[in-house]
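Commentary on secondary and tertiary structure
Residues per chain, in single letters:
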Amino acid sequence: MSKYEAVIGLEVHAELMTDSKMFCGAPVVDSVEAEPNVAVRPLCLGMPGTLPVANKQAIEYALKVALALNCDINKFNRFDRKNYFYPDLPKGYQISQLDHPIGVNGYVDVTLESGEVKHIRVRRVHMEEDTGKLTHMADGTSLVDYNRAGVPLLEIVSEPDIHSAEVAHAYATHLRQILRYLEVNSGDLEKGVLRVEPNISIRPTGTDELNTRTEVKNLNSFRILYMASEYEIKRQTALIESGGSVVQETRGWNEERKSTFSQRIKEDAHDYRYFPDPDLPAIELDQSFIDAVRAGLPELPASKIERYQTEMGLGAADAKQLAAEKRTAIWFDAAVTAGGDPKAVANMLINNLSAMMNESGQAIDDIAVTPDSLVGLLVQVEKGVINKNIAKEVLAEMFANGGSAASIIAAKGLAQVSDDGPIRDVISTILANNPNELAAYKAGKTKLRGFFVGQVMREMKGKANPAVVNQLLDEALKS
Amino acid sequence: MKLTDLTLTELRDALRRGETSSVEATQAVLDRIDAVDPAVKSYLTLTPENALADAAAADKRRAAGDDSPLLGVPVGVKDIICTKGVQTTAGSKILEGFVPPYDAFVVEQLKKTGAVILGKTNTDEFAMGSSTENSAYMTTSNPWDVTRVPGGSSGGSAAAVSAQLGYAALGSDTGGSVRQPASFCGVVGIRPTYGRMSRWGVIAYASSLDQVGCFGRTVADTTAIFQATAGHDPHDSTSLSVAVPDYEAALTGDIKGLRVGVPKEYFVEGLNPETEKAVRAAIAQLADLGAEIVEISLPHTEYALPVYYLIAPAEASANLARYEGTRFGPRVTGDDMISTVKKTRALFGEEVQRRIMLGTYALSAGYYDAYYGRALKARTLIKNDFKKAFEQVDVIASPTTPTTAFKIGDKTDDPLSMYLNDIFTVSLNLSASCGLSVPCGFDAAGLPIGLQLIGDTLQEATILNAAYAYESATQFYKQTPNIKL
């Protein structure tokens, strides 16, 4: 056990993929792709006399997340003004929730690679609005794009229950997966719709001290979250061990040097002068609304992984892979519901279809193979109409041009031959055409049996029933 | 009789009877503005072309059988209320040249009902003031004595209606900004219940106190413009989703049995004896008309002004943060971003800067509980005062202001004495009540005195009818100012 342990809390900001912004009718657009300042209305530009109206869809999305993170739901929701000046903040204040966030006291159970489960508490989930985006030009001017200003934003704050870069990474990945399952956020860190900021400090292992922490910002991948956390833990440990002390500050990540660097020293806490926003009356969530949203929650990945293992007998790795993306999991579930054997479906999905999708760049919802048609293919294998090798060929055809396995088998004449007559004829011909090999076999070179099987299968274009071929060949070789 | 001498309701009748046209009436008002407004200085921006075009359109609508309530009636709009395509400055240099791409809800309502908007009336900068002397552009004069202030912040609207430079006008009232100038200028001004009027498009001063109000020369005129502009607006989350009653039909003039409360805390030292005399006489008149007079107490009255001067500046400090020259309005460019913001924000006038600083202080860490937090608690006490009072009475009667109009320049160096103008009006803004000021006589110098009538939440019809009964008996509105040009 090392002398120091890390204490990490994660602040996650997730934009919500609502139709319109948090407090006005401007659409939510892809702020990386869209032309600057096209998705703006007088309100999200902070123009005089404009007034906010809370977006019901955003509240519903926030509620979904809070429920999925096992939070206690505050029925009484109030918005507060958080005051600070910055050109990307149109009103000079951000509407946020200080004292009455939508969710508090939640948790997630995160499973690590090793199978170990970590219980991470979620302190709060609150609603706010995003800011615009500044671009600083080489000539010293700055440009501002307000497309993102006012986009609903959820802040999810964990307790400092994380003690390693690995767990920080696993927690963030878990959270991202939940957000994607709920279809409230695309999880795209590079586009900034999901932003993860660790607060990191260290302490002597086994104590419950909370020491001076640093905050690392602008981490645009989970790999960087891992590396930056790892780096920060080592840096702080070295600092303490050499008799120094950690300074409370915001640090950034230098990708070239693979290190964090000081961005801003936090001498004093910023005074945001929060006060209740008089433009927005408090919102009281009805129990019926909460119940309806809870009832509408999808099955979450942790539950799916559990179910795939215990009910379907899949291995942990396969279960995790199937549950990683909601659409894949839904596809898988549909195939099993349609009568597919879970292991056979999982095998086709993981070993065959994913390779084809990777090659074509398609998502599972866009491919021509449906859960039903895959089950149709598996039925053909089960019934012995085709063998497993031909099944792959049929699947490739289904993937390329659609259609059912049965129709492809019929059209291409791919049905497996199990009748003795034609197989026996081919065996006779092969043995007759290869007298030297036959002689060698009979002289004791029994490995040549495989050669004969291969020749028969090739002659029959792979359609021969392998069991029948084996049986008849053995008979022929004995005679 | 000149067209401009008509009251709004008289003009409406004349238009209905086809005795005149909106174009004629609008032209008559524009001509009078040309002649009189150089002395009164009520309008910051005039839009005669728009007005005449709208008047012509109104006449066409009428010819086609339309009889919307304000069809063809020329009115003024306080320059804190946004008008699409027409400069809206809030009386501030920081919004000089700002042309909103949207109408305020109340302006949309005016346009729907066919009113003709003459222009934008003067206001104290961001509605912070009681005299229009804080306007960055000019000080409006009181039509009854041009050396005196018209009151504020809606002084431009009050003076315009008083000087017959518009048949009615919209203002806004955060601490008394409709009732106080109405009182000073001898017109009727109503400040409806918070949430009765949409604040969408009304440039915010203090969001939890701001409310659009209406001016008219008579109670009926005021009721007509109020009727047309009140109502629920889904774009204002604080707007009340309550149907608008027929206020005009409520003006019966019958107030028999009406219980009128007289709060002892409003007849105190500092109240001008002439004002007190006129208001006492007015209360006696109400009794003569059949009202029952009840002495009541609003015990937390003395806290209203300090509470107001914590809450309003606190909200203002956030509301005014957006004015930094990035997206609209003028920008004063400095060496870098911070200096640009600082230089631009130096366009705010002294009173605005004072209130931003007061409010910033009141909200600061370590002071919030002592100031803003405590003010919110005291506000609840004041609210409860009114709640209790309205269990006893239907209407509360008081002076609108402690004195009549003061001289221009008299109080500009003494913000505290300026703030005292609001002592009788400001409680209402902190509560959930509505109120109005109706002329109740003149002092020895011939300056108008106002009677304030306060009603319970959404009881506008009650106070309007009480004022109507009183006005019918006294007819002070028939006296008009003799403006020295």
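These notes cover the structure that comes with them. (Residues numbered from 1 in each chain as written. Chains lettered and ligands numbered in written order. Predicted model: local features only at pLDDT ≥ 70, side-chain atom pairs only at ≥ 80, totals over all residues. Heavy atoms only, no water.)

**So, the overall build of chain A**
- Of the regular secondary structure elements, chain A holds 15 helices and 16 strands.
- Here the C-alpha atoms of chain A give a radius of gyration of 30 Å, more than 25% beyond the 23 Å that 2.2 N^0.38 yields for 479 residues.
- Over its C-alpha atoms, taken along the principal directions, chain A stretches across nearly 95 × 55 × 50 Å.
- Taken over 479 residues, chain A has a buried fraction of 50%.
- If you take every contact in chain A between residues at least 6 apart in sequence, the share linking residues at least 24 apart comes to 69%. (Helix = DSSP H or I, 4+ residues; strand = E, 2+ residues; numbered from the N terminus. Rg over C-alpha atoms; globule rule 2.2 N^0.38 Å. Buried < 20%, exposed > 50% of the residue type's maximum accessible area, 1.4 Å probe, protein only. Contact = heavy atoms within 4.5 Å.)

**Quick notes on the sheet that holds strand E10 (residues 152–158) of chain A**
Residue and element names in this part refer to chain A.
- If you trace the nine strands from one edge of the open sheet to the other, you get E2-E6-E7-E10-E1-E11-E12-E13-E14, paired in mixed fashion. One side of each edge strand has no neighbouring strand; the edge strands of this open sheet are strand E2 (72–73) and strand E14 (259–265).
- Strands in contact with helix H3 (residues 222–241) are strand E1 (4–15), strand E11 (194–204), strand E12 (214–216), strand E13 (249–254) and E14; relative to E11, the strand with the most contacts, it is inclined by about 25°. (Pairing = 2+ DSSP bridges. Axes fitted to C-alpha atoms, helices over the stretch in contact; angles between N-to-C directions.)

**A few points about the pattern of salt bridges**
All names here are of chain A.
- What the rule picks out here adds up to 49 salt bridges over all chains.
- A salt bridge links Glu 113 to Lys 320; its shortest N-O distance comes to 3.7 Å. With Glu 113 in the loop between strand E6 (103–111) and strand E7 (117–129) and Lys 320 in helix H6 (residues 316–323), this residue pair connects regions lying 207 residues apart in the sequence.
- By relative accessible area, Glu 113 is classed as exposed at 70%.
- For Asp 333, the salt bridge is made with Arg 307, and the minimal N-O distance between the two is 3.3 Å. (Salt bridge = Lys/Arg side-chain N within 4 Å of Asp/Glu carboxyl O.)

**Let's talk about the side chain of Gln 452 of chain B**
Residue and element names in this part refer to chain B.
- Examined against the element boundaries, Gln 452 turns out to sit in strand E11 (residues 448–455).
- Taking relative accessible area as the criterion, Gln 452 reaches 0% and is therefore assigned buried.
- Here Arg 179 takes part through its side chain, which lies 2.8 Å from a polar atom of the side chain of Gln 452. (Polar contact = N/O pair within 3.5 Å; in protein donor to acceptor, adjacent residues only side chain to side chain.)

**Concerning the interface of chain A and chain B**
- In this complex, chain A contributes 29 residues to the contact, which on the side of chain B involves 37 residues.
- Per-residue buried area on chain A facing chain B is highest for Pro 48, Leu 51 and Arg 273 of chain A; these three make up 23% of the total on that side.
- Taken together, the links from chain A to chain B amount to one salt bridge.
- The shortest N-O distance in the salt bridge between Arg 199 of chain B and Asp 279 of chain A comes to 3.0 Å.
- For the pair chain A and chain B, the number of links is 13 residue pairs in polar contact (both at pLDDT 80 or more). (Buried area = accessible area lost by both parts, 1.4 Å probe.)

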